[in-house]
Amino acid sequence: MKEKGALYRFLLFSLLLLFTSCGGDDAGEENTPVNSEKILVFQFLAVDNDELTSDITADIDDNTKVITVVVPEDTNMRELIPTIRISSEAEILPSSGVPRNFENEQVYEIITSTGELIEYTVNVSLAESSNNRMTSFGFLASSNAALASNVSGVIDEQNKIVTVLFEPETNITALQPAIGVANTATIVPSVVDILDFSDNVDYTITAENGDTATYTILSSFKQRDEKEILKFEFLADDNSGNLSNDYEATILNENKEIKLELPEGVDLSILVPSITISEGAIITPNNDIATNFNTILDFTVTAEDGGTEIYKVNVYTSNSLRSDREVLIDFYNARFQGNSALQQWDIESQDISAWEGVTVEEGRVTSLAPSDLQLRIESLPSSLGKLTGLKILILTNDGIKEIPKELSELTELRWLILQDNLLEEIPAEIGNLNDLLTLNLTGNPITSIPKEICDLRGGVTEVFLDTDDVCEE
């Protein structure tokens with residue numbers, strides 16, 4: 001391109017000399033023309049430049065031959081394509097439509113019809129940035145001892161509001177934020193300033209071109225989601241005349257159940273509970289109010305964030321049907337260990353008289369004789385000793401290896417049938433059941449029978465043993 005331009009200039013110059021020499025005889029005539037050839041328009045068109053969204057026209061100073069163009073702040077100037085319009089008699093180098101790197105000053109040459117060279121200098125610059133946006137806002141734990149972890153704010157760009165949620169009880173009176181803004185922008189207060197964010201804080205961001213935007217920081221604390229009953233008790237001071245001691249219930253968090261057995265004779269209809277729950281939560285029925293616990297009650301704990309948890313509270317007195325029900329549930333869990341074979345027992349039901357093998361008379365369980373399902377239970381729960389109204393206990397062919405000595409507390413028991421199990425010994429305390437009518441221990445690998453049990457045969461009790469069982473002396 002340079003060689004072609006030089007040749008063209010040479011030819012024009014030669015023609016000019018020839019023309020001048022031919023007209024030399026006309027002395028006294030003005031033969032130096034006034035030159036009006038120039039760059040008329042210098043543009044960057046959007047259709048030619050993907051960087052642009054609209055056409056941009058440069059300013060042309062014909063006196064200084066300087067062309068200035070301002071393009072948007074994010075324009076890549078390395079391969080901009082100009083569109084140039086010049087006088088019809090002239091030629092320009094480089095040509096219109098040729099991409100150039102306008103990060104640096106560029107020179108364009110006009111070759112006039114007379115062969116004169118006119119240089120134009122083109123300067124392209126980026127517009128001052130108008131970016132006054134806040135791109136991020138938060139607090140780094142590494143910069144703030146009051147924080148256990150980083151905290152990020154949520155920016156509402158339309159309303160220029162930043163919301164920040166802190167963990168409950170965080171000290172936010174002296175924090176240094178981490179703020180994202182454009183490199184060309186300034187921000188007040190400074191990002192290094194330590195401020196009190198317990199009140200709203202305004203930050204003003206000023207763009208390079210002077211445009212400003214103010215963002216308001218709104219700080220608040222997260223609502224707690226904890227919704228647990230931490231302690232459930234009855235205090236003697238709150239239940240004067242009804243309780244002489246304090247009693248704390250057992251909380252089964254896995255099943256959200258609360259159970260407590262109180263002494264016989266306590267009036268369950270006017271008990272005042274003392275309940276400790278998660279901080280910020282509320283509970284219904286209300287704490288510290290006299291409540292009727294004659295039925296299983298639902299206590300609902302509601303967290304600050306609105307989440308709820310329901311606890312079933314079962315408060316009962318000893319020597320009662322509700323107490324017997326809890327014993328039978330212990331027995332069910334021990335006997336079947338999650339096996340669903342005993343479908344007859346609906347342990348969600350409060351009517352235990354409908355449970356297979358269970359007899360209820362006058363508000364107490366009097367007989368426990370479930371069908372022989374050949375399900376294995378190695379050890380009976382000691383809580384069976386609380387079935388003080390029990391008269392009949394029949395557990396055969398169950399693979400029982402051990403019975404608790406607490407069965408000796410069943411003073412109403414008349415029939416104790418434990419045949420065809422795996423018992424290797426029998427507690428001597430069973431011999432205290434002097435009112436037993438029948439005790440059947442046959443079909444067990446017992447090698448030695450305690451003297452106290454053998455002595456039962458001298459009273460009203462009929463004792464059935466295997467022929468090889470030996471009574472202790």
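Residues numbered from 1 in each chain as written. Predicted model: local features only at pLDDT ≥ 70, side-chain atom pairs only at ≥ 80, totals over all residues. Heavy atoms only, no water.

A. Looking closely at the nonpolar core. Residues Leu328, Leu368 and Ile403 are the most contacted members of the largest nonpolar core, which totals 38 residues. Breaking this core down by element, the ones donating at least two residues are α2 (321-336), β26 (364-368) and α3 (451-454). Looking at which element gives the most residues to this core, the answer is α2, with five residues. Beyond its immediate sequence surroundings of up to four residues, leucine 328 is in contact with Trp345, Ile352, Trp355, Val358, Val365, Leu368 and Leu387. With 23 residues, the next largest nonpolar core counts Val266, Leu271, Ile277 and Phe299 among its residues. (Core = buried A, V, L, I, M, F, W, Y, C linked by side-chain atoms within 4.5 Å. Buried < 20%, exposed > 50% of the residue type's maximum accessible area, 1.4 Å probe, protein only. Helix = DSSP H or I, 4+ residues; strand = E, 2+ residues; numbered from the N terminus. Contact = heavy atoms within 4.5 Å.)

B. Expanded view of a negative patch on the surface. A grouping of Asp50, Glu51, Glu73, Asp74, Glu128 and Glu208 is seen on the molecular surface, where their side chains present a negatively charged patch. Its location among the elements puts aspartate 50 in the loop between β1 (39-44) and β2 (56-57). Look at aspartate 50 and you get exposed, because its relative accessible area is 82%. (Patch = residues over 30% accessible without salt bridge, like charges linked within 9 Å, V, L, I, M, F, W, Y side chains within 5 Å. Areas by Shrake-Rupley, 256 points an atom, 1.4 Å probe, with all protein chains shown as cover. Salt bridge = Lys/Arg side-chain N within 4 Å of Asp/Glu carboxyl O. Lys, Arg positive; Asp, Glu negative; His and termini not counted. Charge placed at Lys NZ, Arg CZ, Asp CG, Glu CD.)

C. Expanded view of the pairing of strand β4 (residues 66-71). Taking every second residue as pointing to the same face, the buried face of β4 carries Ile67, Val69 and Val71, while none of Val66, Thr68 and Val70 on the other face is buried. Bridge count between strand β3 (residues 59-61) and β4: three bridges; the pairing is antiparallel. What sits directly across from aspartate 61, in β4, is valine 66. Hairpin connection, β3 to β4: the antiparallel pair is bridged by four residues, and lysine 65 has positive phi, about 60°. Sheet topology places β4 next to strand β8 (residues 117-126); six bridges connect them, and they run parallel. Bridging from a neighbouring strand, valine 66 pairs with threonine 121 of β8. (Pairing = 2+ DSSP bridges.)

D. Representation of the pattern of salt bridges in the model. The final tally for this structure, using the stated rule, is 14 salt bridges. Linking lysine 222 and glutamate 167 is a salt bridge whose minimum nitrogen-to-oxygen distance equals 2.9 Å. Of this pair, lysine 222 sits in the loop between β16 (212-221) and β17 (229-234) while glutamate 167 sits in the loop between β12 (161-166) and β13 (178-181), and the two are 55 residues apart along the sequence. Note that aspartate 324 and arginine 364 form a salt bridge whose closest N and O atoms lie 2.8 Å from each other. In this pair, aspartate 324 is assigned in helix α2 and arginine 364 in strand β26, connecting sequence segments 40 residues apart.

Nothing here speaks to function; it is all geometry.
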